[in-house]
Amino acid sequence: MNLYGLEFHHFGLAVKSPEAAFRYLDDLGYRAGSACYDPLQKVNLAMRHHERMPAVEVIWPGAEPSPIDRLLERSDSMIYHLCYTSEDVERSVAALEQAGLEVLPLGAAQPALLFDGMAVSFYSITGVGIIEIIAGVPG
């Protein structure tokens, strides 16, 4: 384990449309995982997995305004978050803060359809960027 109690889970890749990202990841040997539309986050989500490379969550807008719309105004695609799992999210956030990092919550934790309803929360860490924390370890 590490000082923060976080274990890497995936990169979050925001795209305007997923076709090119899927083709690229397929050509790299990634396989398709779970996919869904998440009405709480208002985005489409699809996991891609590889035996030797980090997992990638492809995220693209749905029909209504979503949290990634503003990001995609600047670029048609970008890795915009790192995701970790934590057995104790409150303790992980406290450890980040105790290490002197400025941690700003980006909203309340919500159940994530893509991760079997497990709670996910997003934070902006000054000097690091956006992280997502999954409470527990998805199956």
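Conventions and cut-offs
Residues numbered from 1 in each chain as written. Predicted model: local features only at pLDDT ≥ 70, side-chain atom pairs only at ≥ 80, totals over all residues. Heavy atoms only, no water. Helix = DSSP H or I, 4+ residues; strand = E, 2+ residues; numbered from the N terminus. Rg over C-alpha atoms; globule rule 2.2 N^0.38 Å. Buried < 20%, exposed > 50% of the residue type's maximum accessible area, 1.4 Å probe, protein only. Lys, Arg positive; Asp, Glu negative; His and termini not counted. Salt bridge = Lys/Arg side-chain N within 4 Å of Asp/Glu carboxyl O. Polar contact = N/O pair within 3.5 Å; in protein donor to acceptor, adjacent residues only side chain to side chain. Contact = heavy atoms within 4.5 Å. Arc of directions from axis to C-beta. Patch = residues over 30% accessible without salt bridge, like charges linked within 9 Å, V, L, I, M, F, W, Y side chains within 5 Å. Areas by Shrake-Rupley, 256 points an atom, 1.4 Å probe, with all protein chains shown as cover.

### Observations regarding the overall build of the chain
Turning to step 1, where the next piece is worked out: When its secondary structure is counted, the chain shows three helices and nine strands.
Turning to step 2, where the next piece is worked out: Each helix and strand of the chain, ordered N terminal to C terminal, gives the series β-α-β-β-β-α-β-α-β-β-β-β.
Turning to step 3, where the next piece is worked out: In terms of C-alpha radius of gyration, the chain reaches 15 Å, essentially the compact-globule figure of 14 Å for 139 residues.
Turning to step 4, where the next piece is worked out: Here the chain holds 139 residues, and the buried ones make up 42% of them.

### A closer look at unusual backbone geometry
Leave glycine aside and you will find that most residues have negative phi; peptide bonds, for their part, are mostly trans.
Turning to step 1, where the next piece is worked out: Of note, Lys 42 is a non-glycine position whose phi angle comes to about 60°, a positive value.
Turning to step 2, where the next piece is worked out: Checked against the element boundaries, Lys 42 lands in the loop between β2 (31-38) and β3 (43-49).
Turning to step 3, where the next piece is worked out: Judged by its relative accessible area of 30%, Lys 42 falls in the partly exposed class.
Turning to step 4, where the next piece is worked out: One non-glycine residue, Asp 116, lies in the positive phi region at around 55°.
Turning to step 5, where the next piece is worked out: Structurally, Asp 116 can be placed in the loop between β7 (110-112) and β8 (118-125).

### A look at the side chain of Glu 57
Turning to step 1, where the next piece is worked out: Positionally, Glu 57 belongs in strand β4 (residues 55-61).
Turning to step 2, where the next piece is worked out: Among buried Asp, Glu, Lys and Arg side chains, Glu 57 stands out as unpaired, with Arg 48 the closest opposite charge at 11 Å.
Turning to step 3, where the next piece is worked out: At 2.8 Å, the side chain of Glu 57 forms a polar contact with the side chain of His 10.
Turning to step 4, where the next piece is worked out: The residues contacting Glu 57, other than those within four sequence positions of it, are His 10, Phe 11, Gly 12, Leu 13, Leu 45, Ala 46, Met 47, His 81, Leu 114, Phe 115 and Glu 132.

### Details of helix α1 (residues 19-27)
Turning to step 1, where the next piece is worked out: Turning to α1, its buried residues number three or more, namely Ala 21, Phe 22 and Leu 25. Along the long axis of α1, the arc covered by the buried residues comes to 100°, so they all point the same way. Residues of α1 that are exposed and point over 90 degrees away from its buried face: Arg 23, Tyr 24 and Asp 27.
Turning to step 2, where the next piece is worked out: Elements that come into contact with the buried residues of α1 comprise β1 (7-15), β3 and β4.

### Side note on a nonpolar patch on the surface
Turning to step 1, where the next piece is worked out: There is a patch of nonpolar side chains on the surface, built from Tyr 24, Leu 28 and Met 53 and spanning about 290 Å² of accessible area.
Turning to step 2, where the next piece is worked out: Among the structural elements, Leu 28 can be located in the loop between α1 and β2.

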